[in-house]
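Each chain, written out:
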Amino acid sequence: MPSARFPSLRNRVTFITGGGSGIGAGMVEAFVDQGAKVAFVDILEDESRNLAERLAVKGEKPLFISCDLLDVHALDAAILEVRNRLGPIQVLVNNAANDMRQPVDEVTEADWERTMGLNVKHQFFAAQAAGRQMRELGAGSIINFSSVAWMDGSGPMTTYTTAKAAVIGLTNSLARELGPSNIRVNAIAPGAVITERQRRLWVSEEDMKNFIDRQCMKRSLLPEDIARAVLFLAADDSFMITKQCLTVDGGLR
Ligand SMILES: NC(=O)c1ccc[n+]([C@@H]2O[C@H](COP(=O)([O-])OP(=O)(O)OC[C@H]3O[C@@H](n4cnc5c(N)ncnc54)[C@H](O)[C@@H]3O)[C@@H](O)[C@H]2O)c1
């Protein structure tokens, strides 16, 4: 399906975390297609380099920086590198996550810290560092990834759902604090998006059928369905939309 064009995204410096695979890779491609200047971080070196090479023939080659988001100093350095090589970041997409399953009784303190580190902590620090660059520009849009999983109480993934609920608090308070600097902050809550990783680790054919049965819309959600909503929130077309969580789940909930 052809996507809308957003003229304001042309040449816009866009930083996407976890852009090497899944929904993140779909967003890297969608922003390249819009003519944005895209940088992304991931721990998946081969997938990320292959993605950047593949997209180079479609538009401006996205800048891949290898970075483990558990390391906030490395994240800060990556965000500075983007500024030095592409210019100040105007769009931040806080996408990276890890939806590990773990029964309550098995969660150790280290697991708790790690899950928060992988699912919410880096979102705050990326917003802090990129937000400084946005202030310099006098404009910006931050899109934080939440999930319908916390609204549903899905399990066994209490640490993940706790972090994804916290993303909404993060979004709302950042929107208040950064709004006067012309920076918008919104969240996206995807439903069941069938990525290669989801199929490999968690979602069987039967699960996919169950999701579709529960959705109002009778087809699987794809990364591009999420990417289209993110493009809108990144573009000036959504200029007065901030402090919102947009659910994109085909009517699952
Ligand atoms: N797929 C779904 O059904 C679904 C549903 C609800 C919400 N979401 C959310 O949407 C977003 C994308 O989902 P997805 O399914 O593509 O996720 P995913 O887990 O497949 O991919 C996330 C990306 O983040 C990267 N990543 C993980 N840990 C990292 C680290 N320490 N440092 C750097 N990069 C790291 C991964 O390598 C991967 O490329 C996530 O925030 C997820 O929680 C997804």
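Just so you know, these numbers come straight off a predicted model, no measurement behind them.

A. Fine view of the overall build of the chain. A tally of regular secondary structure across the chain gives 9 helices and 7 strands. Referenced to the eigenvectors of the C-alpha coordinate spread, the extents of the chain come out at roughly 45 × 40 × 40 Å. Within the chain, contacts between residues at least 6 apart in sequence are counted, and of these 75% link residues at least 24 apart. When the accessible surface of the chain is summed, it comes to about 11,800 Å², and 53% of that surface belongs to carbon and sulfur atoms.

B. Highlighting the sheet that holds strand β4 (residues 91–94). Strand order in the open sheet made by the 7 strands is β3-β2-β1-β4-β5-β6-β7, with parallel pairing throughout. The open sheet terminates on both sides in strands that have one partner only, identified here as β3 (63–66) and β7 (245–248). For this sheet, the mean inter-axis angle between neighbouring strands, taken without regard to orientation, is 20 degrees. Alignment of strand β5 (residues 140–145) against strand β6 (residues 183–190), held across 6 bridges, turns out to be parallel. Bridged to Ser141 within β6 is Arg184.

C. Molecular detail of the pattern of salt bridges. Tallied over the entire structure, the rule returns 18 salt bridges. Residue Glu136 pairs with Arg83 through a salt bridge whose shortest N-O separation is 2.2 Å. Taken as a pair, Glu136 in helix α4 (residues 109–137) and Arg83 in helix α3 (residues 72–86) lie far apart in primary sequence, 53 residues in all. Of the residues examined, Arg83 reaches a relative accessible area of 27% and is grouped as partly exposed. The partner of Arg219 in a salt bridge is Asp225, with the nearest N and O atoms 2.8 Å apart. A relative accessible area of 41% means that Arg219 is categorised as partly exposed. Via salt bridges that share partners, Glu29, Asp33, Arg54 and Lys58 belong to a single interconnected network.

D. Highlighting the nonpolar core. In terms of nonpolar packing, the biggest core is built from 32 residues, with Phe31, Val93, Ile143, Phe145, Ile188 and Val230 touching the most fellow members. Val82, Ile89, Ala127 and Val185 belong to the second largest nonpolar core, which has 31 residues in total.

E. Region of the structure containing helix α2 (residues 45–56). With 12 residues, α2 should reach 16 Å at 1.5 Å per residue; the first-to-last C-alpha distance of 17 Å fits that figure. Among all positions in α2, only Ser48, Leu51, Ala52 and Leu55 are buried. Angular distribution of buried residues about the axis of α2 spans 95 degrees; they occupy a single face of the element. Seen from the open side of α2, the exposed residues pointing more than 90 degrees away from its buried face are Asp46 and Asn50.

Criteria and thresholds
Residues numbered from 1 in each chain as written. Predicted model: local features only at pLDDT ≥ 70, side-chain atom pairs only at ≥ 80, totals over all residues. Heavy atoms only, no water. Helix = DSSP H or I, 4+ residues; strand = E, 2+ residues; numbered from the N terminus. Contact = heavy atoms within 4.5 Å. Areas by Shrake-Rupley, 256 points an atom, 1.4 Å probe, with all protein chains shown as cover. Pairing = 2+ DSSP bridges. Axes fitted to C-alpha atoms, helices over the stretch in contact; angles between N-to-C directions. Salt bridge = Lys/Arg side-chain N within 4 Å of Asp/Glu carboxyl O. Buried < 20%, exposed > 50% of the residue type's maximum accessible area, 1.4 Å probe, protein only. Core = buried A, V, L, I, M, F, W, Y, C linked by side-chain atoms within 4.5 Å. Expected span 1.5 Å × (residues − 1). Arc of directions from axis to C-beta.

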